[in-house]
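# Observations on the three-dimensional arrangement
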Amino acid sequence: MSEILGIKLNTAQTLIRTIKDAYCKKKHQDVTIKEFCEYKGLPYDEVFNMINKITPKHDKQSA
């Protein structure tokens, strides 16, 4: 999260707690990529690819 948003680790930890509160999660429950993206308004596919270091393939258009 800190790398995706370019924020410090402490700020990311605070954000995780805020997202957990928003989704009524307990301390031991994880925040999913989908929940993170919904909360921050980010495109799921792009974040998923960034986390998994997947480079999207672009279709070549014929001239």
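This section reports on the structure supplied with the text. (Residues numbered from 1 in each chain as written. Predicted model: local features only at pLDDT ≥ 70, side-chain atom pairs only at ≥ 80, totals over all residues. Heavy atoms only, no water.)

### Focus on the overall build of the protein
For the record, the criterion: Numbering of helices and strands runs from the N terminus; a helix is a DSSP stretch of H or I covering at least four residues, while a strand is a stretch of E covering at least two. Here, residues are in contact when the closest pair of their heavy atoms is within 4.5 Å.
Counting its secondary structure elements, the protein contains 4 helices and 0 strands. When the helices and strands of the protein are listed from N to C terminus, the series reads α-α-α-α. Principal-axis analysis of the C-alpha atoms gives the protein an extent of 55 × 25 × 20 Å. Intrachain contacts of the protein at a sequence separation of at least 6 include 22% that bridge at least 24 residues.

### Concerning the packing of helix H3 (residues 33-40) against helix H4 (residues 44-51)
Condition: Note on geometry: axes are lines fitted to C-alpha atoms, helical ones only across the stretch in contact, with angles between N-to-C directions running from 0 to 180 degrees. Roughly parallel here means an angle under 35 degrees, roughly antiparallel means over 145, roughly perpendicular means 65 to 115, and every remaining angle is called oblique. Rotating anticlockwise by less than a right angle from the far helix to the near helix defines a left-handed crossing, while the corresponding clockwise rotation defines a right-handed one. In the scheme used here, Gly and all other residues not listed as nonpolar or charged are polar, with Ala, Val, Leu, Ile, Met, Phe, Trp, Tyr, Cys and Pro taken as nonpolar and Asp, Glu, Lys and Arg as charged.
Two elements in contact, H3 and H4, have axes separated by 10 Å at closest approach and are oriented at 130 degrees. On the basis of their axis angle, the class for H3 and H4 is oblique. In this structure, H3 crosses over H4, and the sense of that crossing is right-handed. Residue-level inspection shows Ile 33, Lys 34, Phe 36 and Cys 37 of H3 in contact with H4, the latter providing Tyr 44, Val 47, Phe 48 and Ile 51. A per-class count over the contact of H3 with H4 returns 7 nonpolar, no polar and 1 charged.

### Brief notes about a nonpolar patch on the surface
What counts is decided by this rule: Patches in this entry comprise residues that are over 30% relatively accessible and not in a salt bridge; like charges within 9 Å are linked, as are nonpolar side chains (Val, Leu, Ile, Met, Phe, Trp, Tyr) within 5 Å. Method for areas: the Shrake-Rupley scheme with a 1.4 Å probe, in which residue coverage is limited to the protein chains shown. Basic side-chain nitrogens of Lys or Arg form a salt bridge, by our definition, when they fall within 4 Å of a carboxyl oxygen of Asp or Glu. Exposure is judged per residue with a 1.4 Å probe applied to protein chains only, and the accessible area is read against the type maximum: over 50% gives exposed, under 20% gives buried, and values in between give partly exposed.
Taken together, the side chains of Tyr 44, Phe 48 and Ile 54 make up a nonpolar region of the molecular surface, amounting to roughly 250 Å² of accessible area. Take Tyr 44: it is sitting in helix H4. Tyr 44 gets classed as partly exposed once you look at its relative accessible area, which sits at 37%.

### A few points about the packing of aromatic side chains
Heads up, the condition is: The aromatic pairing rule takes the rings of Phe, Tyr and Trp, using the six-membered ring of Trp, and pairs them if the centres are within 6.5 Å, calling planes under 30 degrees apart stacked, those over 60 edge-to-face and the rest tilted.
Tallied over the entire structure, the rule returns 1 aromatic pair. The interplanar angle of 25 degrees and the centroid separation of 5.8 Å between the aromatic rings of Tyr 44 and Phe 48 together place this pair among those described as stacked. Here the residue Tyr 44 and the residue Phe 48 both occupy positions in helix H4, the gap between them amounting to 4 residues, near one helical turn.

### So, the pattern of salt bridges
Evaluation of the coordinates by the stated rule reveals 1 salt bridge. Between Glu 35 and Lys 25 there is a salt bridge, with the nearest N and O atoms lying 3.3 Å from each other. Linking Glu 35 in helix H3 with Lys 25 in the loop between helix H2 (9-22) and H3, this pair joins segments that are 10 residues apart in sequence.

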